[in-house]
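Architecture and fold: a report
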Amino acid sequence: MTITLAPDYRPAEDEEFMNPRQREYFRQKLLAWRTELLHESSETLANLQDGGLQEPDLTDRASAETERALELRTRDRARKLISKIDAALRRIEDGSYGYCEETDEPISLKRLEARPIATLSIEAQERHERMERTRRDD
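Residues numbered from 1 in each chain as written. Predicted model: local features only at pLDDT ≥ 70, side-chain atom pairs only at ≥ 80, totals over all residues. Heavy atoms only, no water.

Time to look at the overall build of the chain. For the chain, the helix and strand inventory stands at 4 helices and 0 strands. When the helices and strands of the chain are listed from N to C terminus, the series reads α-α-α-α. In summary, the chain has a C-alpha radius of gyration of 20 Å against a globular reference of 14 Å for 138 residues, an excess of more than 25%. Sequence separation of 24 or more characterises 53% of the internal contacts of the chain that already satisfy a separation of 6 or more. For the chain, the accessible area works out to roughly 9,800 Å², and carbon and sulfur atoms hold 49% of it. Of the charged side chains in the chain, 24 are positive and 31 negative; the average position of the first set lies 2 Å away from that of the second. (Helix = DSSP H or I, 4+ residues; strand = E, 2+ residues; numbered from the N terminus. Rg over C-alpha atoms; globule rule 2.2 N^0.38 Å. Contact = heavy atoms within 4.5 Å. Areas by Shrake-Rupley, 256 points an atom, 1.4 Å probe, with all protein chains shown as cover. Lys, Arg positive; Asp, Glu negative; His and termini not counted. Charge placed at Lys NZ, Arg CZ, Asp CG, Glu CD.)

Written as structure tokens, this is what we have:
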């Protein structure tokens, strides 16, 4: 079954949570984000292949190398983010998207809108972060 969304559709609190329209909305949002990241990654790859270290000045060469290292770190983060997007798309397919992995409670639409790859509700995420801080302080 194909679901067509109005261009101005936004999930609303008064709808049934994770109804087919909401799932399609988040699926499209995740796919667009994934496409954007892949496009940026392709541009980075092309830039890295084009730009050899041809700078005659040592300072310029060091600066170019630093820029490349930063770009590679950014691409590594994007790669990890794409993996999280793929996992969210799988959750949409299996029907678990939008529900907290710890509590099985719905994750708020505002949180999913801001972070569509979220796997924890705000409360569960805050607990998780408090536990991490406690472990780090030990």
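To continue, consider unusual backbone geometry. The phi dihedral of Met18 is positive, around 55 degrees, even though this residue is not glycine. Here Met18 shows up in the segment before α1 (20-50).

Opposite charge on two side chains makes pairing possible when the charged atoms of those side chains draw close. A full pass over the atoms with the stated rule returns 8 salt bridges. The partner of Arg75 in a salt bridge is Glu71, with the nearest N and O atoms 3.3 Å apart. Here Arg75 pairs with Glu71, and both are found in helix α2 (residues 58-94), just 4 residues apart, close to one helical turn. A relative accessible area of 16% means that Arg75 is categorised as buried. Asp76 serves as the salt-bridge partner of Lys80, at 3.4 Å between the closest nitrogen and oxygen. Here Lys80 pairs with Asp76, and both are found in helix α2, just 4 residues apart, close to one helical turn. Owing to a relative accessible area of 30%, Asp76 belongs among the partly exposed residues under this scheme. (Salt bridge = Lys/Arg side-chain N within 4 Å of Asp/Glu carboxyl O. Buried < 20%, exposed > 50% of the residue type's maximum accessible area, 1.4 Å probe, protein only.)

As a further point, take the nonpolar core. Among the nonpolar cores identified, the biggest contains 24 residues, and Met18, Phe26, Leu30, Ile85, Tyr97 and Leu112 are the most heavily contacted of them. Where this core is concerned, the elements lending two or more residues are α1, α2 and α3 (109-114). With 7 residues, the single largest contributor to this core is α2. Those residues in contact with Leu30 that lie beyond four places of it in its chain are Ile85, Ala88, Leu89, Ile92, Tyr97, Pro116 and Ile117. (Core = buried A, V, L, I, M, F, W, Y, C linked by side-chain atoms within 4.5 Å.)

Below, the discussion takes up the side chain of Arg111. Mapping Arg111 onto the fold places it in helix α3. With no salt bridge to any partner, buried Arg111 finds its closest opposite charge in Glu129, at an N-O distance of 6.6 Å. Engagement of the side chain of Arg111 in a polar contact is seen with the backbone oxygen of Leu120, the distance being 2.8 Å. (Polar contact = N/O pair within 3.5 Å; in protein donor to acceptor, adjacent residues only side chain to side chain.)

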